[in-house]
Amino acid sequence: MFQAHQSRGSEQPRTDGSDGWGRESQPRGPKPAAQNGLAPRFAARYAVLMHQRPRDVIAVRPATAADMTDVARLQLAAWHAAYRRLLADDFLDGLTIEGIAGYHARHFDSAQNPNLDRSAFLVAEMTVPPAEGKKRPTKTIVGMVRGGPTREKSAAGDPVPPEVPKKYVMELFAIHVEPAAQRKGVGRQLFGAFVEAAKKKMPDAGLVLWVLKDNGNARGFYRKLGGSVVGEGELTLGGKKYPQVAYGWPKYPNIMQT
Ligand SMILES: CC(C)(COP(=O)(O)OP(=O)(O)OC[C@H]1O[C@@H](n2cnc3c(N)ncnc32)[C@H](O)[C@@H]1OP(=O)(O)O)[C@@H](O)C(=O)NCCC(=O)NCCS
């Protein structure tokens, strides 16, 4: 288990302008749920996320097959928030929690994932201390990261420049953080834990990932973590092709120092 954000030892409201995560809470705080286009049934979960207190702890742990519905729910929310203007509406609107959960569930089946031993699937789980009058803390999955040996084709079968899988042994397939939990260090924590897992599974260094060319936010995140563009290609989604770029790290980065 990887754990970065520890208790800061106080539940008093902060007066120093930070959000208790060591980061400024303004102006980069989470958007109100309504702005994220959330269904009302998710409002309660987002209310928890948006009022997280300094003692709330995020821990990264290996995912299990039982996590896939929660993972799919957060991924769908992240896609709707990040990709609305990047991907066709009919493709985005056709995505379902069941479909995404089923896609990720294949990771755990060695018949469908022959690289299971060399793959990693981690989730970031937030533990919120019990509310007044309640005994149990609440646990919510707020992020996911998944990867394995570098693919020679995209998940949709699009060709990849042959030098990419030759040079980079490990590929990060997907990383998503629930919209209300973004820009609080969860993505960095997940990425760092993935790198540590990758070092054990594939010690020959070299990490790569693909991102939509127009996904400026994710590209800013990868640049911040020391990645640079090492290839270009296309990704087919819902029958449409979208340009994408590869970010590479010739050596596994030390994410806590980037
Ligand atoms: C991309 C994503 C995973 C990043 O996770 P996150 O939790 O928001 O990122 P963090 O808060 O951990 O940011 C880590 C660092 O990257 C920087 N960063 C994050 N987003 C950035 C952006 N848009 N531009 C520039 N820097 C950025 C942060 O400032 C932070 O730097 P610091 O630690 O020095 O302060 C998340 O925003 C997300 O899920 N986006 C939607 C889905 C998506 O696009 N996934 C990627 C698909 S390829």
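Keep in mind that what you see is a predicted model, and the values were worked out from it rather than measured. Every chain is numbered independently, its residues counted from 1 as its sequence is written. Local features in this predicted model are restricted to residues of pLDDT 70 or higher, and side-chain atom pairs are both shown and tallied only at a pLDDT of 80 or more, whereas totals for entire chains, interfaces and linings draw on every residue. Neither water nor hydrogens contribute to the side-chain values; these are computed over all heavy atoms in the structure.

Examining the side chain of His-107
Thought 1: In DSSP terms, a helix is any run of H or I states spanning at least four residues, a strand is any run of E spanning at least two, and both are numbered starting from the N terminus. Here His-107 lies in the loop between helix H4 (97-105) and strand S3 (120-128).
Thought 2: Only protein chains enter the accessibility calculation, which uses a 1.4 Å probe; a residue whose area is less than 20% of its type maximum is buried, one above 50% is exposed, and one in between is partly exposed. The buried category is assigned to His-107, whose relative accessible area is 4%.

Some points on the site of the ligand
Thought 1: Any residue with at least one heavy atom within 4 Å of a molecule or strand is counted as near it. Contacts to the ligand come from 23 residues, most closely from Val-177, Arg-183, Gly-187, Arg-188 and Asn-215.
Thought 2: Any pair of nitrogen or oxygen atoms within 3.5 Å is treated as a polar contact; in protein, a donor-acceptor pairing is required on top of that, and neighbouring residues in sequence qualify only through side-chain atoms on both sides. Gln-182 places a side-chain nitrogen or oxygen 3.5 Å from an oxygen atom of the ligand.
Thought 3: One of the side-chain N or O atoms of Lys-224 is found 3.4 Å from an oxygen atom in the ligand.
Thought 4: Computed with a 1.4 Å probe, the accessible areas rest on the Shrake-Rupley method; for each residue, only the protein chains presented here act as cover. Alone, the ligand offers 930 Å² of accessible surface; in the complex the protein occludes 86% of this.
Thought 5: Those elements that provide at least two residues to the shell around the ligand are helix H2 (68-83), strand S5 (170-177), helix H6 (186-201), strand S6 (207-212) and helix H7 (216-224).
Thought 6: With six residues, the single largest contributor to the shell around the ligand is H7.

Here's the deal with the side chain of His-104
Thought 1: Note on placement: His-104 falls in helix H4.
Thought 2: Two residues qualify as a contact provided that any one of their heavy atoms is within 4.5 Å of a heavy atom in the partner residue. When neighbours within four sequence positions are excluded, His-104 is seen to be in contact with Met-68, Val-71, Gln-75, Phe-121, Met-144 and Arg-146.

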